[in-house]
Amino acid sequence: MEKEIKDALNFMIGAASTVKTESEKILGQIEEKLKELSEKGAQDTSEVSMNIRKYTEEAFTEIEKLLNEAKTRFEEVKEKAKAIIPENKA
């Protein structure tokens, strides 16, 4: 009985070690493929790719403007609310 328990324990340790090793190996391969795809995309200077980059950059710029405007308006409303609503000094 004791031998079976030790064998089972050793099996679990071996399986865990193998899963860890294989997972790290697969993760490394995935990272390498993603890097390769990124480099390939960076080298693509076709009209479609250039337009995608241009419009994406413009979209990010517009989103950033909208977020900044929303933040500014929120701060304005917050200041107005502070002026209207008395502070609760407990």
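These numbers were taken from a predicted model, which means no experiment stands behind them.

Novice: For this particular structure, what's the right way to read the overall build of the protein?
Specialist: For the protein, the count of helices and strands is two helices and zero strands. For the protein, whose C-alpha radius of gyration is 29 Å, the value lies well above the compact-globule estimate of 12 Å for 90 residues. By principal-axis analysis of the C-alpha atoms, the protein measures approximately 80 × 60 × 10 Å. The 90 residues of the protein split such that 1% are buried. As displayed, the protein offers around 8,800 Å² of accessible surface, 62% of which is attributable to carbon and sulfur atoms. Here the protein carries 16 positive and 20 negative side-chain charges, and the mean point of each set is 4 Å from the other.

Novice: Is there a simple way to think about the pattern of salt bridges in this case?
Specialist: When the charged atoms of two side chains lie near each other, side chains of opposite charge can form a pair. Counted according to the given criterion, the structure contains nine salt bridges. The residue K3 makes a salt bridge to D7 at a minimum N-O spacing of 3.0 Å. Of this pair, K3 and D7 both sit in helix α1 (residues 2-43), four residues apart, which is roughly one turn of the helix. Owing to a relative accessible area of 40%, D7 belongs among the partly exposed residues under this scheme. Taking the shortest distance from any N to any O, the salt bridge between E79 and K82 comes out at 4.0 Å.

Novice: Explain the environment of S23 to me, please; I cannot follow it from the model alone.
Specialist: Tracing the backbone through its elements, the reader meets S23 in helix α1. For S23, a relative accessible area of 41% translates into the label partly exposed. Separated by 51 residues in sequence, S23 and F74 have C-alpha atoms that sit 46 Å apart.

Novice: Is there a simple way to think about the environment of E75 in this case?
Specialist: Examined against the element boundaries, E75 turns out to sit in helix α2 (residues 47-84). For E75, a relative accessible area of 33% translates into the label partly exposed. For the pair E75 and E87, spaced 12 residues apart in sequence, the C-alpha to C-alpha distance is 17 Å.

The rules behind these values
- Residues numbered from 1 in each chain as written.
- Predicted model: local features only at pLDDT ≥ 70, side-chain atom pairs only at ≥ 80, totals over all residues.
- Heavy atoms only, no water.
- Helix = DSSP H or I, 4+ residues; strand = E, 2+ residues; numbered from the N terminus.
- Rg over C-alpha atoms; globule rule 2.2 N^0.38 Å.
- Buried < 20%, exposed > 50% of the residue type's maximum accessible area, 1.4 Å probe, protein only.
- Areas by Shrake-Rupley, 256 points an atom, 1.4 Å probe, with all protein chains shown as cover.
- Lys, Arg positive; Asp, Glu negative; His and termini not counted.
- Charge placed at Lys NZ, Arg CZ, Asp CG, Glu CD.
- Salt bridge = Lys/Arg side-chain N within 4 Å of Asp/Glu carboxyl O.

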